[in-house]
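# Observations on chain architecture
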Amino acid sequence: MAYQEAFLREAIRLSIEKMEAGEGGPFGAVVVKNGAVVGRGWNRVTSANDPTAHAEVMAIREACAALATFSLRGCEIYASCEPCPMCLAAIHWARLDACHYAATRHDAAEAGFDDALLYEQLGRAPEPRQRPDGEPLRDEALEAFRRWGADPGRTPY
């Protein structure tokens, strides 16, 4: 899908305005459906003391609330910067049709926001990752998946 500069400029505007207002880092995002903004977000990590309060995540949360759905199929996201791995995962989980961004992760790294470790860690199998992973109670945890699969009333996503 072709991007529209106006929406990308809105994401950039939010990134500057909210950063200068002391609400967080220099990142902004908007979710668009049928040519209208349905969710706006800006980085609130430091103002909310929430490491997950990235611009894209906040825009997705607002869009889902506005549209009363967890699926944003039919929507696109515009971000002032290339999404980090967490935000990229959220974009995929939200089923957004497209992601458009202005600055790159390399630009962000030059400004002090370096996601290189995250990209490197995600490329590894669980065993050699920097933070220890494990599955000591895997069999017990699988019970939740068995029950989920057996529930005819579940809402797939």
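Everything below is about the structure printed above this text.
As the structure is a computational prediction, the values presented were derived from the model and not from experiment. (Residues numbered from 1 in each chain as written. Predicted model: local features only at pLDDT ≥ 70, side-chain atom pairs only at ≥ 80, totals over all residues. Heavy atoms only, no water.)

Secondary structure summary: the protein contains seven helices and four strands in total. Its helices and strands taken in sequence order, the protein reads α-β-β-α-α-β-α-β-α-α-α from the N to the C terminus. The principal-axis extent of the C-alpha atoms belonging to the protein is close to 50 × 40 × 30 Å. Looking at the protein residue by residue over its 157 residues, the buried ones come to 32%. When contacts within the protein are restricted to residue pairs at least 6 apart in sequence, those whose partners lie at least 24 apart make up 50%. By element, 55% of the accessible surface of the protein is carried by carbon and sulfur atoms, the whole surface being about 9,900 Å². (Helix = DSSP H or I, 4+ residues; strand = E, 2+ residues; numbered from the N terminus. Buried < 20%, exposed > 50% of the residue type's maximum accessible area, 1.4 Å probe, protein only. Contact = heavy atoms within 4.5 Å. Areas by Shrake-Rupley, 256 points an atom, 1.4 Å probe, with all protein chains shown as cover.)

Here the structure, examined in full by the defined rule, presents two aromatic pairs. Both rings, one in Phe7 and one in Tyr78, keep their centres 5.3 Å apart while their planes meet at 50°; by these two values the pair is tilted. Here Tyr78 lies in strand β3 (residues 75-81) and Phe7 lies in helix α1 (residues 5-20), a separation of 71 residues in the sequence. No difference in accessibility class separates Phe7 from Tyr78, as the two residues are buried. Their ring planes at 85° and their centres at 4.9 Å tell us that Phe27 and Phe113 sit as a pair that is edge-to-face. Here Phe27 is found in the loop between α1 and β1 (28-33), whereas its partner Phe113 is found in the loop between α5 (105-110) and α6 (116-122), with 86 residues between them in sequence. Look at Phe27 and you get buried, because its relative accessible area is 16%. (Phe/Tyr/Trp six-rings, centres within 6.5 Å; stacked < 30°, edge-to-face > 60°.)

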